[in-house]
Amino acid sequence: MTDAGPLRVRGWWLAVAAGSVVLAAAVGLLVGPAALAPTTVLRALLDGLPFVDVDGVSARDAAIVWDLRLPRVVLALLVGAMLSLCGGAYQGAFRNALADPYLLGVAAGAGLGATLALTGGAGSASALVPLAAFLGAIAAVVLTYSVGAAGDRLRSPASLVLAGVAVASFLTANQTFVQQRNSETIREVYSWILGRLSGARWADVALLAPYALLTAVALLAHRRQLDVLGVGDDEASTLGLDPRRTRLLVVVAASLGTAAAVSVSGLIGFVGIIVPHTVRLLFGASYRVILPLSLLFGATFLCLADLAARTALSPAEVPIGVVTAMVGAPFFVLVLRTSRVPG
Amino acid sequence: MRRTASALALAALVVLAACGDDDGGAAAPTTAAPTTAAPATAPATTAAPTTTAAAFPVTVEGANGTVTLDERPDAIVSLSPTATEMLFAIGAGPQVVAVDDQSTFPDDAPRTDLTGLEPNLEAIAAYEPDLVVVSNDIRGVLDGLASLDIPALLLPAAADLDGTYEQLEVLGAATGNADGAAELVASMQTEIDELVASAPDTPEALTYFHELDPTLYTATSGTFIGQVYALAGLENVGDAADDGSGYPQLSAEFLVAADPDLIFLADTKCCGESAATVAARPGWAELTAVQAGNVVELDDDVASRWGPRVVEFLAAVVAAMEATAG
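*Asks:* Before we move on, could you go through the packing of helix α8 (residues 202–221) of chain A against helix α11 (residues 243–265) of chain A and cite the residues and values that matter?
*Replies:* All names here are of chain A. One way to put it is that α8 packs onto α11 with a least axis distance of 9 Å and a crossing angle of 160°. Between α8 and α11, the interaxial angle falls into the category roughly antiparallel. In the crossing of α8 with α11, the sense of the turn from one axis to the other is left-handed. Across the interface between the two elements, Asp204, Leu207, Leu208, Tyr211, Ala212, Leu214, Thr215, Ala218 and Leu219 from α8 touch Val250, Ala253, Ala254, Leu256, Gly257, Ala260, Ala261 and Val264 from α11.

Below you can see the structure in the form of structure tokens.
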């Protein structure tokens, strides 16, 4: 494969991917359980902008568009982008097609953190819950890394993956124990673990955005190194790359982004596996293509999945995790069957 | 411990027997099943029920079928918070030796580490119960109890008030407190009728939202909770989202658009929600109920159990309607 191939593909598809994000966001804004006419949404949207005043926008319509629908669309875009990008990065760093953003115990750690906060008396709207989830996720990855590194000094990424399995099991067991001992908060814990965008607030967006930016910049800057890492640690070393250092950097950045996403949205499965693989199957195995396209298509995917979650049974909500799995998995199988698997 | 319980039970027996004399030993409960109740669900009592031990053996009908009690139980274990409230309300409290960790009412119920969510047969058997009451048959607990020859009653969430009355009467018959149960049912019916009659009439039915948790899970009119509101003449905005479960999750923007007249919070204890916390939610400041102060903080337990305190629940609903209707 020459260099020009994936790059040219990328240029063309980047525009398509960016367009899909804009389109998904627009549909997400215009459609919702509160039956607002598209013109009403647009007028309320304009009215909320600084220095713009549109007559006849009711306070309630403005609240629906600006306080409920817009933050939810933005959060879905950000979370989808993060989970897909980080999933792709993990798959590269570990040369493991089954790696997902929760590989190193992020989900279990975040789950334990959130459960501790919820059973400790923090209401589910409390800012303590995302903070505890974030700290739990980071602690889990640090634990996994120190356990995995103690094993065989990171000579193979497999030891890290195994350490992740052990840490995740251990933390999940603790989480289940705490949850069972506090059955009065069981519903809140479950609703957190199932993943949700339904309560999205601007505060969540503000919490996630800086990490999302940092993670995106760091990972996109390492997309070439991930390609080199793909040939194997020893070979990568001979090409002048320090595989451990690169892996550490990528894992730290991806874990940070995943932890931030999980802390505001709970555990939303499948996105981190399905989107990067779909991109890989359609556009080739180079991380120079996979990472940016995963970021964009991930945002589109989760935004549309969330649209389905809030409109399929409107005005009832469907858990977002159910939608991502129910729509995502068959779609992924379709892509798998209709594409030539590279390599 | 058991000795004390037995002594208490004996004392209660004497007292109740004395009460029973006034009634001349009430006949089969007449309050059950007004017109339409299926015979299968009506409490069936074989022996002429009186409140004395002489009434036993007695056969009652739970959701798990026919249960026969040879003697008046005096070591009852309840793994259902609602059943605990019922037992104490009908006068069977002294016969209860252990209740589960969620049985928060009444205060003097003998709370233990037992849990109805993860029932542990050995832990239950350790109390040497002669009757176990559960609201869910989790992990085959009923089969397990049957294999230990421990009589067990399954009394699941009632579908409506008649279901509550039936369960009270079943427990009354099963524990030798038929009179206490009949009296309680009669007084509940009277109080509920009075409350319903006193509910304000508005030109248009007031609408409401019943919040089960901060993620906006609610109960539709098809549920026990929803029927209590319907008695008072309220209209449920959550019915639009009925997904068959009876407990759908509402979209926040739908709720803001629906703008209910009244908001009832049944998540004040579990989740610390209050009129102040919901007013701070995005978009909620625009709600009429928030602006007019018609957000009602309920007791989670009172508003989720199908026991005797449903009267308190209805009273809170009617009081809120009066405040709203002005």
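*Asks:* An account of the interface of chain A and chain B is requested, with residue identities and associated values reported.
*Replies:* Contacts between chain A and chain B engage 30 residues on the former and 28 residues on the latter. Put simply, the parts of the chain that give the side of chain A that touches chain B at least two residues each are α3 (59–94) and α7 (186–193) of chain A. The element contributing the most residues to the side of chain A that touches chain B is α3 of chain A, with seven residues.

*Asks:* Tell me about the sheet that holds strand β4 (residues 96–99) of chain B, and please be specific about residues and values.
*Replies:* Residue and element names in this part refer to chain B. Taken together, four strands build an open sheet; the order of strands is β4-β3-β5-β6 and the sheet is parallel. Each edge of the open sheet carries a strand with a single partner, namely β4 and β6 (152–154). On average, adjacent strands in this sheet sit at an angle of 20° to one another, irrespective of strand direction. One ladder, built from three bridges, connects strand β3 (residues 76–78) with β4; its direction is parallel. Each bridged residue has a counterpart across the sheet, and for Val77 the counterpart in β4 is Ala98. Of the strands in this sheet, β3, β4 and β5 (131–134) are in contact with helix α2 (residues 81–89), which crosses β3 at around 140°.

*Asks:* Account for the sheet that holds strand β8 (residues 235–236) of chain B, naming residues and giving values.
*Replies:* Residues and elements named next belong to chain B. Pairing within the open sheet is parallel, and its four strands lie in the order β8-β7-β9-β10. Each edge of the sheet is formed by a strand with only one pairing partner; in this case those strands are β8 and β10 (295–297). As judged from the two bridges shared by strand β7 (residues 207–211) and β8, these two strands associate in the parallel manner. Counted as the bridge partner of Tyr208 is Asn236 from β8.

*Asks:* Hey, could you go over the packing of helix α12 (residues 271–283) of chain A against helix α14 (residues 320–338) of chain A for me, with residue numbers and the actual values?
*Replies:* Residues and elements named next belong to chain A. Contact pair α12 / α14: the axes reach a minimum separation of 10 Å and the direction vectors enclose 20°. By the angle between their axes, α12 is roughly parallel relative to α14. Relative to α14, α12 is oriented so that their crossing is left-handed. Here α12 contributes Val271, Ile274, His277, Thr278, Leu281 and Leu282 to the contact with α14, which in turn contributes Thr324, Gly328, Phe332, Val335 and Leu336. Among the residues forming the contact of α12 with α14, the class breakdown is seven nonpolar, four polar and no charged.

*Asks:* Give a detailed account of the environment of Ala240 of chain B, specifying residues and quantitative values.
*Replies:* For Ala240 of chain B, the position within the fold is in the loop between β8 and α8 (252–258). Put simply, Ala240 of chain B and Leu171 of chain B are 69 residues apart on the chain and 36 Å apart in space, counted from C-alpha to C-alpha.

*Asks:* Give me the pairing of β7 of chain B: which residues, what numbers.
*Replies:* Residues and elements named next belong to chain B. Of all five residues that make up β7, four are buried, and the element is covered over most of its length. What joins β7 to β8 is helix α7 (residues 224–231), and the crossover it makes is right-handed. Pairing between β7 and strand β9 (residues 262–265): four bridges, direction parallel. Across the sheet, His210 pairs through a bridge with Phe264, a residue of β9.

*Asks:* Before we move on, can you summarise the environment of Leu267 of chain A with the specific residues and values?
*Replies:* All names here are of chain A. Within the element layout of this structure, Leu267 appears in the loop between α11 and α12. For Leu267, a count of 21 C-beta atoms within 10 Å puts it in the buried group. Along the chain, Leu267 and Leu194 lie 73 residues apart, while their C-alpha atoms are 5.9 Å from each other. If we skip the residues at most four places from it in the chain, Leu267 touches Ala107, Gly111, Ile193, Gly195 and Val262.

*Asks:* Summarise α8 of chain A; cite the residues concerned and give the values.
*Replies:* Residues and elements named next belong to chain A. If you check α8, its first and last C-alpha atoms are 28 Å apart, about what 20 residues at 1.5 Å a residue would give, namely 28 Å. Of all bends in α8, the biggest is about 30°, found at Leu208, and the proline Pro210 comes one to four residues later. For α8, the set of buried residues is Asp204, Val205, Leu208, Tyr211, Ala212, Thr215, Ala216 and Leu219. Each element contacted by the buried residues of α8 is listed here: α3, α11 and α13 (287–311).

*Asks:* Lay out the nonpolar core with the relevant residues and their values.
*Replies:* In this structure, Leu78, Ala89, Val106 and Ala137 of chain A are the most contacted members of the largest nonpolar core, which totals 151 residues. In terms of residue count, α3 of chain A provides more of this core than any other element does, 21 residues in total. Not counting residues within four places of it along the chain, the set of residues in contact with Ala137 of chain A comprises Val106, Gly109, Ala110, Gly113, Ala259, Val262 and Ser263 of chain A. Val77, Val99, Leu131 and Ala173 of chain B belong to the second largest nonpolar core, which has 45 residues in total.

*Asks:* How would you summarise α12 of chain A if you had to cite specific residues and measurements?
*Replies:* Residue and element names in this part refer to chain A. An ideal rise of 1.5 Å per residue puts 18 Å on 13 residues; α12 measures up with 18 Å between its terminal C-alpha atoms. Counting buried residues along α12, eleven of its 13 residues qualify, which places the element largely inside the surrounding structure. Among all positions of α12, only Val271, Gly272, Ile273, Ile274, Val275, Pro276, His277, Thr278, Val279, Arg280 and Phe283 are buried.

Reading the values: the criteria
- Residues numbered from 1 in each chain as written.
- Chains lettered and ligands numbered in written order.
- Predicted model: local features only at pLDDT ≥ 70, side-chain atom pairs only at ≥ 80, totals over all residues.
- Axes fitted to C-alpha atoms, helices over the stretch in contact; angles between N-to-C directions.
- Helix = DSSP H or I, 4+ residues; strand = E, 2+ residues; numbered from the N terminus.
- Parallel < 35°, antiparallel > 145°, perpendicular 65-115°, else oblique.
- Left-handed = near helix turned anticlockwise from the far one by under 90°.
- Contact = placed C-beta atoms within 7 Å.
- Pairing = 2+ DSSP bridges.
- Nonpolar A, V, L, I, M, F, W, Y, C, P; charged D, E, K, R; others polar.
- Buried ≥ 20, exposed ≤ 12 C-beta atoms within 10 Å, placed from the backbone.
- Right-handed = clockwise from strand over helix to strand, strands pointing away.
- Expected span 1.5 Å × (residues − 1).
- Bend = angle between axes of the 7 residues up to and from the residue.
- Core = buried A, V, L, I, M, F, W, Y, C linked by C-beta atoms within 7 Å.

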